[in-house]
Amino acid sequence: MGSKYPRSVRGCLPLWVLTVETAFILLFFFFTSYDDTSTDQETLMGTYRVFQDVTTMAALGLGFLNASLWRHGWSGVAFNLFLLALGAQWAVLLDGFLNQSIRQKTILHLPRIQKATVSALSVLISAGAVLGKANLVQLVLMALVEVTAFSTMRMLGLTVLGVDDHSSMMSIHVFAAYFGLAVSWCLSRPLPKAAEEKEQTATSPSLFAMLGTRFLWMFWPSFNGMLFVQVERMKAVSNTYYALAVSTVTATSVSALAHPQGKINMTHIHNAVLAGGVAVGATCHMIHSPWFSMALGLVAALISIGGAKCLPVCLNRVLGIHDSCGVHYTFGLPGLLGGVAYIVLMVTHSIWSGKNRIFYQVLVDTGALSLAMAMGLLSGLLAGLLLSLKVWKAPPVAKYFDDQAFWEFPHLAVGF
Amino acid sequence: MGSKYPRSVRGCLPLWVLTVETAFILLFFFFTSYDDTSTDQETLMGTYRVFQDVTTMAALGLGFLNASLWRHGWSGVAFNLFLLALGAQWAVLLDGFLNQSIRQKTILHLPRIQKATVSALSVLISAGAVLGKANLVQLVLMALVEVTAFSTMRMLGLTVLGVDDHSSMMSIHVFAAYFGLAVSWCLSRPLPKAAEEKEQTATSPSLFAMLGTRFLWMFWPSFNGMLFVQVERMKAVSNTYYALAVSTVTATSVSALAHPQGKINMTHIHNAVLAGGVAVGATCHMIHSPWFSMALGLVAALISIGGAKCLPVCLNRVLGIHDSCGVHYTFGLPGLLGGVAYIVLMVTHSIWSGKNRIFYQVLVDTGALSLAMAMGLLSGLLAGLLLSLKVWKAPPVAKYFDDQAFWEFPHLAVGF
Amino acid sequence: MGSKYPRSVRGCLPLWVLTVETAFILLFFFFTSYDDTSTDQETLMGTYRVFQDVTTMAALGLGFLNASLWRHGWSGVAFNLFLLALGAQWAVLLDGFLNQSIRQKTILHLPRIQKATVSALSVLISAGAVLGKANLVQLVLMALVEVTAFSTMRMLGLTVLGVDDHSSMMSIHVFAAYFGLAVSWCLSRPLPKAAEEKEQTATSPSLFAMLGTRFLWMFWPSFNGMLFVQVERMKAVSNTYYALAVSTVTATSVSALAHPQGKINMTHIHNAVLAGGVAVGATCHMIHSPWFSMALGLVAALISIGGAKCLPVCLNRVLGIHDSCGVHYTFGLPGLLGGVAYIVLMVTHSIWSGKNRIFYQVLVDTGALSLAMAMGLLSGLLAGLLLSLKVWKAPPVAKYFDDQAFWEFPHLAVGF
């Protein structure tokens, strides 16, 4: 068991991670300090609550969403927390470097950690496509590259294209999905039969994934409404809730339609019930009536189930991309739908309010969406090429999707 | 596997659900709009938190509470989210139709979704008695009927009997339990040996159910105190906490007493630890000293364990009612105890404050409790008769409590 | 199955627990009443949120953290809720008795329940060392002794040594860990081979434990910042977050270093990722720059993994102490590190601010740390001796770590 696993990761991982971690501590020492100005207790607690909701989505939601692989549940769950902890530290530092003069210290406060957690979320989303095909050293590298690319993309969007903060944050779905797919493309090898079996799910792992789905489902309104106040927040929260409700109902029933015997696919449920929340992300604060967000949730669920049914075949066979946890149809496709819905809404808004810069508006919005996708694909390719280097001692294809390659396993426990 | 399962659900479920969903979107389009008046950020966030707590109870609490059946865990968990999403939409619409003139649009705000989630909770409670004996088409129908009946009952209580909002909400336990039992009575058939085995629990499913119990346990104080402010809220929260603490301790030890060898029954624990929260529901804001809520918790746990030990036998054999997840002794009996406690407290209160309309008061309170029970039984019978129609292609008795009838199942996964 | 289990627990447990519970209700009746003064709704809700976070850590965090034993998951999870419910009631009463004149009634409000939940947390921590070696009657006794000892220690610290409330609360880790170890020493017997196998973990139990770890990880900032407001709270929350992030990254990679083949140990991850939160507890509000809490998190994770690797061998072989869930290296050692860090920070603080009572300061702080450790060891020994009495019918060594000794078990379910 595991005797074919290259010993050298033993030296490689701790050395590499402790170096990175020490570097982080030094960077924090030289470049950061806490905000000492007194804040109102109410505001502080409000910020803390939103921060907690985002952390819940990251640590519990995305953590357990990837627990569904039968033989890869431990890695799915534990690597997630590792990547979250590492990614958030790097994102805090980067946020300071990119937005402030290098000479002055970055002032740390809670909204900054919250923003960093969102950046780290992009790593967790992408990890869903790569999971089972990379070891922890490779994932560390991926996290560093992705957080850098995502922060750069957000800065470019904010400064060059003049995108607002919320839209730039919502491009995370498209960015992270295509980043993950690009990395996965670089790492995908034809799977032997045994590895394909390991990809299946089982009763308990599926329930753990369902737990992750629930946490995401419940806190998605917090995530979408994070940056708004008052009426806009109320709308963001409500629209997200209605979109999620409709996509849950639609996804469950359409999943039965897609099976010849009318059976529902649990993996569809894990992913497609969330499609509504993704699709409504960019527009949630602008929609004035719930029917539109509900219609968006319906279409998103249809696209997501359709994608889950058709895309794996074509992506796998034609392009050789293997998407472990269905990141493409959970975040990618509904994210694109949301981007298109945003452009349409902005245009109609411009027409109604009689603005005459409609063409310019469409250009900017399309540019922002394309930027997210292009940046995701390009930086993903870059990361994928880096990860393919032999120096990281990637697991052999026969050990893909296998917890035993990474974990000290109790003998009795195999399979339970 | 599953070849005996009627194919036609494939056509029936998506057709029926997508029609309902489209109708909902149209109704939302014509009859609802958002509240555009600015609200205070603090109030909004406070409302949102309470709304989140109720959603947590519904999606995580009741969702996983029904995960304990060995071979029916997927359905228990996933159907729950489906019913929540569907029921809440219908409840929002109904709330507008019943409480406002049909000519004006329903103004949607967060408290309305919160109220709708509570209505949908009644479906989730009842589903515990029906689970494993109905397919998703039948459950959709049940959800629509139950939400309608529950909303009508609340409106009748509020307008005809003059019951206050909190008491009317707390009748949910009695209403939903007897609704579920009535539906279950219509669907119950003598189970073959193999189906009885599927009813058992196992280690992991039990832990998932325990997770659901914990979430309910933790957020029950939020639920009971939802409609109060200041001192009354503090009392509601504290009384619920003490009642739950005592019923946890009592249930665990009495469960050992009920077994000849002194072993504790896990299913008792899942249900009876919550009895205190149910029993204290109606009176939680009126109790001036914790000892009373603690005593109520103690009695509720005794009744709940006693019911769990004796009722299944008599209900099953004499009446032929099969209660899959013990809804009767988790919600029904403690809810009745809570109703009686409310009447007693109101009477003593009236006597102390020298009011001379005691008889009238008793009449109204007994009327409200009877209304909840009668409405639950009658509408449950109606729903049960509807569900027994052949047109819904109910699963055959041999497929009762079997996930494989509804889910695309990985071959390797059976039993894990 | 289980026929060797002494029947008499059947009579003993309910009799003993119902007597205790009735005594509690009577004590609450005579000695407590609710706070009837009106409080600000905002303040009330703020307090309630913090209280909820602490309950989440106790019921979900520590509850599921102990679920990892393969054959003892049910007891690990369910006994936890029982001890929490019982311990919190006794702690509320004790808090009144120790801090108020016996003649006047204790005024109950939410902060009092919150404080009681923290006291009950000490029982849940210690239970991790004792789990699987004691029956529920013994655990009830342990809970009563431990809550009494912890409340007494806090009162002594506050009144005699003049320790502030936060430091006295943070001594919980050291106190509870050494209390648990002392009890465990009294109960430890050489384990037969079969019982050792039961100590192993398996896939699903490990994921449940991971769930507990996540909840603790996420709400630890709330716990550490509980007693502070404004800037100090912001610092407490941020420092805890950074410490946890670093200890997560460090623990995962160092765990791979500790294994000859570079495999990560899941039990290390459950425990060592939390070491940062423990270590930073006492000092979290005083640290002015994140690098120091990060360094503390790094050292804590190293100590924790080192302890997990070396201590079980020496504790087990030399002293005969068996630590079921690694309480010593999760809470004990990082807690000691935190205590030392506190002393160092206080001294440097005194030097910088030119106070000339440095020696006195060191004396008091060392005294507080020693008090926690001594009180933990002594009261733990006392509790352990009490628990060793034959009258409690302790489970035989062959039934250590075996759910079947306590639970009515479905035949099919063994091992799943």
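Owing to the predicted nature of the structure, the values given are computational and were not obtained by experimental measurement.

Caption draft 1: The arrangement of the overall build of chain A in detail. In terms of helices and strands, chain A carries 15 helices and two strands. Based on the C-alpha atoms only, the size of chain A along its principal axes is roughly 70 × 60 × 40 Å. Residues counted as buried form 68% of the 416 residues belonging to chain A. Long-range contacts, defined here as pairs at least 24 residues apart, represent 84% of the contacts in chain A between residues at least 6 apart. Entry remark: accessible area of chain A is about 13300 Å², with carbon and sulfur atoms responsible for 68%.

Caption draft 2: Local environment of helix α14 (residues 327-352) of chain C. Residue and element names in this part refer to chain C. Under the 1.5 Å per step criterion, the end-to-end length of α14 is 36 Å for 26 residues, consistent within 8% with the ideal 38 Å. Within α14, 19 of the 26 residues are buried, leaving the element largely enclosed by the surrounding structure. Two residues or fewer after α14 comes Gly354, characterised by a positive phi angle close to 70 degrees.

Caption draft 3: Highlighting the relation of the copies chain A and chain B. Least-squares fitting of chain A to chain B yields an RMSD of 0.0 Å, with the superposition described by an axial translation of 0.0 Å and a rotation of 120 degrees. In the structure described here, the two chain copies are related by an operation that fits a three-fold rotation axis. Mapped onto chain B, only 11% of the interface residues of chain A again fall at the interface, so the copies present different surfaces.

Caption draft 4: Broad picture of the interface of chain A and chain C. Taken together, the contacts link 71 residues of chain A with 64 residues of chain C. Where chain A packs against chain C, one counts one salt bridge. In this structure, the salt-bridge partner of Asp53 of chain C is Arg49 of chain A, at a minimum N-O distance of 3.0 Å. Inspection of the region where chain A meets chain C yields 14 residue pairs in polar contact (both at pLDDT 80 or more). At the level of elements, α1 (9-31), β1 (32-34), α2 (41-65), α3 (73-99), α4 (110-130) and α9 (203-225) of chain A are the ones that each hand at least two residues to the side of chain A that touches chain C. Its residues assigned to classes, the side of chain A that touches chain C comprises 44 nonpolar, 19 polar and eight charged.

Caption draft 5: Looking closely at the relation of the copies chain A and chain C. Of the transformation superimposing chain A on chain C, the axial component is 0.0 Å and the angular component is 120 degrees, with the fit at an RMSD of 0.0 Å. Residue by residue, only 10% of the interface of chain A is reproduced at the interface of chain C, so the copies engage with different surfaces.

Caption draft 6: Expanded view of empty space enclosed by the protein. Estimates place the volume of the second largest cavity at around 290 Å³. Along the walls of the second largest cavity sit 21 residues, with Phe219 of chain A, Asp53 and Phe219 of chain B together with Asp53 and Phe219 of chain C positioned nearest its centre. For the lining of the second largest cavity, the elements supplying multiple residues, two or more each, are α2 and α9 of chain A, α2 (41-65) and α9 (203-225) of chain B together with α2 (41-65) and α9 (203-225) of chain C. Its residues assigned to classes, the lining of the second largest cavity comprises nine nonpolar, six polar and six charged.

Caption draft 7: Local environment of the pattern of salt bridges. In total, this model carries 12 salt bridges over all chains according to the counting rule given. Residue Asp95 of chain C pairs with Arg112 of chain C through a salt bridge whose shortest N-O separation is 2.8 Å. Placement of the pair is Asp95 of chain C in helix α3 (residues 73-99) and Arg112 of chain C in helix α4 (residues 110-130), with a sequence separation of 17 residues. Residues joined in a network through salt bridges with shared partners are Asp95, Arg112 and Lys115 of chain A.

Caption draft 8: Structural view of the state of the cysteines. Residues and elements named next belong to chain C. In total, this model carries zero disulfides over all chains according to the counting rule given. For the unlinked cysteine Cys12, the closest cysteine sulfur is that of Cys186, found at 19 Å. For Cys12, a relative accessible area of 21% translates into the label partly exposed. Given the relative accessible area of 12%, Cys186 is considered buried.

Caption draft 9: Inspection of the environment of Ser168 of chain C at higher detail. All names here are of chain C. Tracing the sequence through the fold places Ser168 in helix α6 (residues 165-170). Judged by its relative accessible area of 5%, Ser168 is buried. Distance in space between the C-alpha atoms of Ser168 and Leu369 is 9.2 Å, their sequence separation being 201 residues.

Caption draft 10: Quick peek at unusual backbone geometry. Residue and element names in this part refer to chain A. With phi around 50 degrees, Lys393 is a residue other than glycine that occupies positive phi space. Relative to the helices and strands, Lys393 resides in the segment after α15 (358-387). Taking relative accessible area as the criterion, Lys393 reaches 35% and is therefore assigned partly exposed.

Caption draft 11: Layout of the interface of chain A and chain B. With 64 residues of chain A at the contact, the number on the chain B side is 71 residues. With both chains or domains summed, chain A and chain B bury close to 6100 Å², and 70% of this area falls on carbon and sulfur atoms. At the boundary of chain A and chain B, one finds one salt bridge. Elements supplying a minimum of two residues to the side of chain A that touches chain B: α2, α9, α10 (230-257), α11 (266-272) and α13 (290-319) of chain A. A total of 20 residues in the side of chain A that touches chain B trace back to one element, the largest contributor, which is α10 of chain A. When grouped by side-chain class, the residues that make up the side of chain A that touches chain B number 36 nonpolar, 20 polar and eight charged.

Caption draft 12: Looking closely at the packing of aromatic side chains. All names here are of chain C. Per the stated rule, a full pass over the model turns up 66 aromatic pairs over all chains. The interplanar angle of 90 degrees and the centroid separation of 5.8 Å between the aromatic rings of Trp74 and Trp407 together place this pair among those described as edge-to-face. With Trp74 in helix α3 and Trp407 in the segment after α15 (358-387), this pair connects stretches of sequence that are 333 residues apart. For Trp407, a relative accessible area of 1% corresponds to the buried category.

Caption draft 13: Representation of the packing of α2 of chain C against α9 of chain C within the structure. Residues and elements named next belong to chain C. Taken N-terminus to C-terminus, the directions of α2 and α9 make an angle of 155 degrees; their axes are 7 Å apart at the nearest point. Classified by the interaxial angle, the pair formed by α2 and α9 is roughly antiparallel. Remark: the crossing between α2 and α9 carries left-handed chirality. Of α9, the residues touching α2 (which contributes Asp53, Thr56, Met57, Leu60, Gly61, Leu62, Phe64 and Leu65) are Phe208, Ala209, Gly212, Thr213, Phe215, Leu216, Phe219, Trp220, Ser222 and Phe223. Across the contact of α2 with α9, the residue classes tally to 12 nonpolar, five polar and one charged.

Definitions and limits used
Residues numbered from 1 in each chain as written. Chains lettered and ligands numbered in written order. Predicted model: local features only at pLDDT ≥ 70, side-chain atom pairs only at ≥ 80, totals over all residues. Heavy atoms only, no water. Helix = DSSP H or I, 4+ residues; strand = E, 2+ residues; numbered from the N terminus. Buried < 20%, exposed > 50% of the residue type's maximum accessible area, 1.4 Å probe, protein only. Contact = heavy atoms within 4.5 Å. Areas by Shrake-Rupley, 256 points an atom, 1.4 Å probe, with all protein chains shown as cover. Expected span 1.5 Å × (residues − 1). Least-squares fit on C-alpha atoms with pLDDT ≥ 70 in both. Salt bridge = Lys/Arg side-chain N within 4 Å of Asp/Glu carboxyl O. Polar contact = N/O pair within 3.5 Å; in protein donor to acceptor, adjacent residues only side chain to side chain. Nonpolar A, V, L, I, M, F, W, Y, C, P; charged D, E, K, R; others polar. 1 Å grid on protein atoms, 1.4 Å probe; cavity = no way out; pocket = protein on both sides within 12 Å on 5 of 7 lines; lining within 4 Å. Points joined across faces, edges and corners; volume = space filled by probe spheres on them. Disulfide = S-S within 2.5 Å. Buried area = accessible area lost by both parts, 1.4 Å probe. Phe/Tyr/Trp six-rings, centres within 6.5 Å; stacked < 30°, edge-to-face > 60°. Axes fitted to C-alpha atoms, helices over the stretch in contact; angles between N-to-C directions. Parallel < 35°, antiparallel > 145°, perpendicular 65-115°, else oblique. Left-handed = near helix turned anticlockwise from the far one by under 90°.

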